[in-house]
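Okay, here's what each chain looks like letter by letter:
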Amino acid sequence: MAKNIYVGNLPWSCSEEEVRTAFENYGEVYSVKLINDRETGRPRGFGFVEMEDQGALEAIENLDGTDFGGRNIKVNEARPRPERPRW
């Protein structure tokens, strides 16, 4: 089973590979997705990491609030996106 992890307050200059490397210290990383602005294409400063359950719990515990590229990152279990009405 895999857990999806929210990673916020990322520096805009970081790459998916840098995020993957930080999380691989805690277990197998299945995917990394950094979110870009739709209109400008610039990074929005957050993303999602999918990894195996036990490693995900360790990563959340050990990386939340730590320095990553000069910024204190926010790491927690991702919540499902709320349903929005389509007009």
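Just so you know, these numbers come straight off a predicted model, no measurement behind them.

Asker: Break down the overall build of the protein chain for me, with residues and values.
Answerer: What the protein chain contains, in helices and strands, is two helices and six strands. Mapped in sequence order, the helices and strands of the protein chain form the string β-α-β-β-α-β-β-β. The globule rule puts the C-alpha radius of gyration for 87 residues at 12 Å, and the 13 Å found for the protein chain is close to it. For the protein chain, the spread of C-alpha atoms along the three principal axes comes to 40 × 30 × 20 Å. The burial tally for the protein chain puts 31% of its 87 residues in the buried class. Long-range pairs, those at least 24 residues apart, make up 62% of the contacts in the protein chain with a sequence separation of at least 6. Accessible area for the protein chain stands at about 6300 Å²; split by element, carbon and sulfur atoms hold 45% of it.

Asker: Which residues make up helix α2 (residues 53-63), and what values do they have?
Answerer: Listed in full, the buried residues belonging to α2 are G55, A56, A59, I60 and L63. The buried residues of α2 occupy an angular sector of 135° when projected down its axis, which confines them to one face. The opening residue of α2, the one whose side-chain oxygen lies 3.3 Å from the backbone nitrogen of Q54, is E52. At the C-terminal side of α2, G65 shows a positive phi close to 85°.

Asker: So what's going on with the sheet that holds strand β3 (residues 43-52)? Which residues, and what values?
Answerer: One open sheet holds the four strands; their spatial order is β2-β3-β1-β6, and the pairing between them is antiparallel. The two strands at the open ends of the sheet, each matched to only one other strand, are β2 (29-36) and β6 (74-77). Within this sheet the neighbouring strands show an average axis-to-axis angle of 20°, counted without direction. Along the sheet, helix α1 (residues 16-24) makes contact with β1 (2-8), β2, β3 and β6, crossing β2 at roughly 140°. Packing of α2 onto the sheet brings it into contact with β1, β3 and β6, and relative to β3 it is tilted by some 140°.

Asker: Report on the UniProt feature "domain: RRM" (unreviewed entry) in the protein chain, specifying residues and quantitative values.
Answerer: In this structure's numbering, the residues bearing the UniProt feature "domain: RRM" (unreviewed entry) are residues 3-80. The span residues 3-80 shows a helical share of 26% and a strand share of 41%, and its end C-alpha atoms are spaced 12 Å apart.

Asker: Now, about the packing of aromatic side chains: what can you tell me, with residues and values included?
Answerer: Per the stated rule, a full pass over the model turns up three aromatic pairs. Summarising the aromatic geometry, the rings of Y6 and F46 are spaced 6.0 Å apart at their centres and angled 35° between planes, so their arrangement reads as tilted. A residue pair is termed long-range when its members are at least 10 positions apart, and Y6 in strand β1 and F46 in strand β3 qualify at 40 residues. Here the aromatic residues Y6, F46 and F48 are joined through ring pairs into a cluster of three or more.

So, how was this worked out
Residues numbered from 1 in each chain as written. Predicted model: local features only at pLDDT ≥ 70, side-chain atom pairs only at ≥ 80, totals over all residues. Heavy atoms only, no water. Helix = DSSP H or I, 4+ residues; strand = E, 2+ residues; numbered from the N terminus. Rg over C-alpha atoms; globule rule 2.2 N^0.38 Å. Buried < 20%, exposed > 50% of the residue type's maximum accessible area, 1.4 Å probe, protein only. Contact = heavy atoms within 4.5 Å. Areas by Shrake-Rupley, 256 points an atom, 1.4 Å probe, with all protein chains shown as cover. Arc of directions from axis to C-beta. Polar contact = N/O pair within 3.5 Å; in protein donor to acceptor, adjacent residues only side chain to side chain. Pairing = 2+ DSSP bridges. Axes fitted to C-alpha atoms, helices over the stretch in contact; angles between N-to-C directions. UniProt positions renumbered as here; feature names shortened; annotations may be inferred. Phe/Tyr/Trp six-rings, centres within 6.5 Å; stacked < 30°, edge-to-face > 60°.

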